[in-house]
Amino acid sequence: MNGKQLKNSILPWAKLGKLVPQDPNDEPASVLFSEVGSGVSFERATFSSRSCQHTEQELLSLLRHYFATHTCLTRRILQRVAGLRESAAKKWLQHLTATGVLQKDGANNAPVYLWRG
């Protein structure tokens with residue numbers, strides 16, 4: 001039996017309250033949900049799973065500032081410094097390498113990028 005089959009076989013029993021002994025003194029679930037629901041408030045998350053949107057000039061400015069104190073850059077560092085997701089960081093590194101702003105060095109599985117700007 002796989003996980004989905006197990007879930008589908010247990011779920012009907014759980015809905016009927018047959019998995020564990022039931023206490024007749026417990027209040028109905030609808031009462032519990034109304035009590036819990038009245039005291040719950042939700043807030044919008046302060047973070048976003050999307051990449052920050054940068055123009056090329058903004059990104060070059062960030063990189064100039066970074067390379068003022070560092071000698072090389074990795075994809076992960078670019079993600080952290082510019083607030084980018086992995087795919088966006090890879091695209092920017094590919095673009096900046098193709099335009100000659102950065103020089104790719106190191107192994108293929110662990111490249112580092114040097115400032116040529």
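The model shown is predicted, which means the values in this text are computed figures rather than measured ones.

Draft legend 1. Structural context of helix 1 (residues 3-16). Under the 1.5 Å per step criterion, the end-to-end length of helix 1 is 20 Å for 14 residues, consistent within 8% with the ideal 20 Å. Along helix 1, the sharpest kink reaches roughly 25 degrees, centred on I10 and followed within four residues by the proline P12. Where helix 1 begins, the capping side chain belongs to N2, and its oxygen is found 2.7 Å from the backbone nitrogen of Q5. Of the residues one or two after helix 1, G17 is the one with positive phi, at around 75 degrees.

Draft legend 2. Quick peek at the packing of aromatic side chains. Evaluation of the coordinates by the stated rule reveals two aromatic pairs. Each ring, one from Y66 and one from F67, has its centre 5.5 Å from the other, and the planes form 80 degrees; the classification is edge-to-face. Each member of the pair, Y66 as well as F67, carries the same accessibility label: buried. Between F67 and W115 the ring centres are 5.4 Å apart and the planes differ by 35 degrees, which places this aromatic pair in the tilted class. Of this pair, F67 sits in helix 3 (residues 56-67) while W115 sits in strand 2 (residues 110-115), and the two are 48 residues apart along the sequence. Judged by its relative accessible area of 29%, W115 is partly exposed.

Reading guide: rules and limits
Each chain has its residues counted from 1, following the order in which its sequence is written. Confidence filtering applies because this is a predicted model: local features only for residues at pLDDT of at least 70, side-chain atom pairs given and counted only at 80 or more, and all residues used for totals across whole chains, interfaces and linings. With hydrogens and water stripped out, all remaining heavy atoms of the structure feed into the side-chain values. Per the convention used, a helix needs a DSSP run of H or I reaching at least four residues, while a strand needs a run of E reaching at least two, with both numbered from the N terminus. The length a helix should cover is 1.5 Å for every residue beyond the first. Two axes define the bend at a residue: one fitted to the seven residues ending there, one fitted to the seven starting there, and the bend is the angle between them. Throughout this description, a polar contact denotes any pair of N or O atoms lying within 3.5 Å of each other; where both atoms belong to protein, one of them has to be capable of donating a hydrogen while the other can accept it, and for residues adjacent in sequence the pair is counted only when both atoms sit in side chains. Each aromatic pair joins two rings of Phe, Tyr and Trp (for Trp, the six-membered one) with centres within 6.5 Å, and gets the label stacked for planes under 30 degrees apart, edge-to-face for over 60, and tilted for any other angle. Exposure is judged per residue with a 1.4 Å probe applied to protein chains only, and the accessible area is read against the type maximum: over 50% gives exposed, under 20% gives buried, and values in between give partly exposed.

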